[in-house]
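Close look at the chain arrangement
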Amino acid sequence: MIHSAAGNIAFAHYPKTAGCTMFQWFTTAFPDAMHLDPERPHMNVRRSLRAMGAAQTLGGTGALRLLNPIDWLSARKPRPVVAASRLRIIGVIREPFEMLVSLYEFWKKTPAEMEVSPFIDTARNGTFRDFLWMAVVQKEMPQYEEFFDVGGPAWANTRLIDFATLESGLAAVCAEFGIRDTPRLERINAGGGRQRSLEDYRSSVATMGINVRSHFRWYYEHGVRLAVRGGARRIAA
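Reference entry: report on the structure contained in this document. Given the structure is predicted, the values throughout are model-derived calculations rather than measurements. Every chain is numbered independently, its residues counted from 1 as its sequence is written. Reporting of local features is limited, given that this is a predicted model, to residues whose pLDDT is at least 70; pairs of side-chain atoms are given and counted only at 80 or more, and all residues count toward the totals for whole chains, interfaces and linings. In computing side-chain properties, one takes all heavy atoms of the structure into account and sets aside hydrogens as well as water.

Across its full length, the protein chain holds 12 helices and 5 strands. Per-residue accessibility, obtained with a 1.4 Å probe over protein chains only, is compared with the maximum for each type, and a residue is labelled buried under 20%, exposed over 50%, and partly exposed between these values. Expressed as a percentage of the 237 residues in the protein chain, the buried residues total 47%. Look at the contacts in the protein chain between residues 6 or more apart in sequence, and 75% of them connect residues 24 or more apart. Here the protein chain has roughly 12,200 Å² of accessible surface; of this, 52% comes from carbon and sulfur atoms. Labels follow the DSSP assignment, with helices taken as runs of H or I lasting at least four residues and strands as runs of E lasting at least two, numbered in each case from the N terminus. The contact criterion used is simple: two residues touch if any of their non-hydrogen atoms lie within 4.5 Å. Under the convention used here, a 1.4 Å probe and the Shrake-Rupley method define accessible areas, while residue burial counts only the protein chains that appear.

Below, the structure is given as structure tokens:
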């Protein structure tokens, strides 16, 4: 998560949802913005809020041992008190199958010398079907409602933007939050911009599309309607 204390706003980065684009925009719009933990850019909202609180309330090396290891780095630097109920959070959600294809192709190019998890290693060395099985059957990919803590303390002030209409959706959120004179949104494609055929991927996994819809049920039943689009036509996946 990227947080601006001055703006009382944060960006929660779910994988392959325009993270590079949003990071550049966010850090330009809010010069004081910083990652809660640069080594864990995809920390979910609940853990991020806990890290903010830990950074403020726990001090000394003895107290740090009480923290979950994922919070240690975040707790080393004091941060301003953040009231979760008032913190504004921006996120982006993307059609899940398209997101998973993008993530698979991205991890496929992970350099061999980099340390990876079994999940990433499956993407790098296995088939898309193998990767999809781990993602949605073994549930390695977090569900959107889990990641953004739907119904949690910051949910009332959380706005999820539709990936396909990112620019107009972001403009609508800024207007609602009273954020003015924002920088231009510059699209950055961390995956290299290669055109992919989703239909080829769908054909390769046959009926596993049902598993994707089951795992990401909240998105298909609720998230797709909640996503902010700003009145623009949705770009087809």
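A word on the packing of helix α5 (residues 96–108) against helix α6 (residues 118–125). Interaxial angle, 0 to 180 degrees, is taken between N-to-C directions of lines fitted to C-alpha atoms, where a helix line uses only the stretch in contact. For the pair α5 and α6, interaxial distance at closest approach is 7 Å and the crossing angle is 85°. For the element pair α5 / α6, the angle class is roughly perpendicular. Facing Y104, W107 and K108 of α5, the residues of α6 in contact are F119, I120, A123, R124 and N125. Ten residues, namely Ala, Val, Leu, Ile, Met, Phe, Trp, Tyr, Cys and Pro, are considered nonpolar, four, namely Asp, Glu, Lys and Arg, are considered charged, and the remaining ones, Gly among them, are considered polar. Of the residues that constitute the contact of α5 with α6, the class distribution is 5 nonpolar, 1 polar and 2 charged. By the definition adopted for this analysis, an angle is roughly parallel if under 35 degrees, roughly antiparallel if over 145, roughly perpendicular if from 65 to 115, and oblique otherwise.

This brings us to the sheet that holds strand β5 (residues 158–162). For two strands to be treated as a pair, DSSP must find no fewer than two bridges joining them. Strand order in the open sheet formed by 5 strands is β3-β1-β2-β4-β5, with mixed pairing between adjacent strands. At either end of the open sheet lies a strand with only one pairing partner, and these are β3 (34–35) and β5. For strand β1 (residues 2–4) and strand β2 (residues 9–11), the ladder comprises 3 bridges, and the chain directions are antiparallel. Residue pairing in the sheet places I2 in a bridge with F11 of β2.

Strand β4 (residues 88–93) sits mainly inside the fold: 6 of its 6 residues count as buried. Judged by which residues are buried, β4 turns out to be covered on both faces: R88, I90 and V92 on one side and I89, G91 and I93 on the other are all buried. As judged from the 3 bridges shared by β2 and β4, these two strands associate in the parallel manner. When the sheet's bridge partners are listed, F11 is paired in β4 with I90. As paired elements, β4 and β5 share 5 bridges and run parallel to each other. Residue pairing in the sheet places I93 in a bridge with D162 of β5.

On to unusual backbone geometry, then. Within the chain, A18 stands out as a residue other than glycine whose phi angle is a positive 65°. By secondary structure assignment, the location of A18 is in the loop between β2 and α1 (19–29). Residue class for A18 comes out buried when judged on its relative accessible area of 11%. Even without a glycine there, the phi angle at D149 is positive, about 55°.

The subject of this paragraph is the side chain of E95. Along the chain, E95 turns up in the loop between β4 and α5. Polar contacts, as used here, are pairs of N or O atoms within 3.5 Å; protein pairs need one atom able to donate a hydrogen and one able to accept it. Residues neighboring in sequence count only if both atoms are side-chain atoms. Within the local environment of E95, its side chain forms a polar contact with the backbone nitrogen of F97, the two atoms lying 3.0 Å apart.

With that out of the way, let us pick up the packing of aromatic side chains. Classification of ring pairs uses Phe, Tyr and Trp, with its six-membered ring standing for Trp, and accepts pairs whose centres are within 6.5 Å; under 30 degrees between planes counts as stacked, over 60 as edge-to-face, and the remaining range as tilted. Per the counting criterion, the structure on display carries 19 aromatic pairs. For the pair Y14 and Y144, a centre-to-centre distance of 4.6 Å together with 50° between the ring planes defines the contact as tilted. Pair noted here: Y14 is in the loop between β2 and α1 and Y144 is in helix α8 (residues 144–147), with a separation of 130 residues, a long-range link. With a relative accessible area of 0%, Y14 lands in the buried category. Look at W107 and F131: their rings are 6.3 Å apart centre to centre, the planes differ by 85°, and that puts the pair in the edge-to-face class. Taken together, the residues span a long stretch of sequence, with W107 in helix α5 and F131 in helix α7 (residues 128–137) at a distance of 24 residues. Judged on exposure class, the residue W107 and its partner F131 are both buried.

With that out of the way, let us pick up the nonpolar core. If you look at soluble globular proteins, the nonpolar side chains tend to sit buried side by side. The definition of a nonpolar core used throughout is a set of buried Ala, Val, Leu, Ile, Met, Phe, Trp, Tyr and Cys residues joined through side-chain atoms within 4.5 Å. Formed by 44 residues in total, the largest nonpolar core has its most connected members in L100 and F216. Among the elements of the structure, α2 (45–57), β4, α5, α6, α7, α8, α10 (198–205) and α12 (217–226) are those that each provide at least two residues to this core. Aside from chain neighbours lying at most four places away, what touches F216 is Y14, P96, M99, L100, V136, M141, P142, Q143 and Y144. Core analysis: the next-biggest nonpolar cluster, separate from the first, contains 21 residues, F26, I90, V92 and L185 among them.

What follows covers the pattern of salt bridges. Here, a salt bridge means any side-chain nitrogen of Lys or Arg that lies within 4 Å of a carboxyl oxygen of Asp or Glu. The full count for this structure, using the stated rule, is 9 salt bridges. The partner of D149 in a salt bridge is R46, and the shortest N-O contact between them spans 2.7 Å. Placement of the pair is D149 in the loop between α8 and β5 and R46 in helix α2, with a sequence separation of 103 residues. Note on R46: relative accessible area 48%, which makes it partly exposed. For R94, the salt bridge is made with E98, and the minimal N-O distance between the two is 3.3 Å. For E98, a relative accessible area of 13% gives the class buried.

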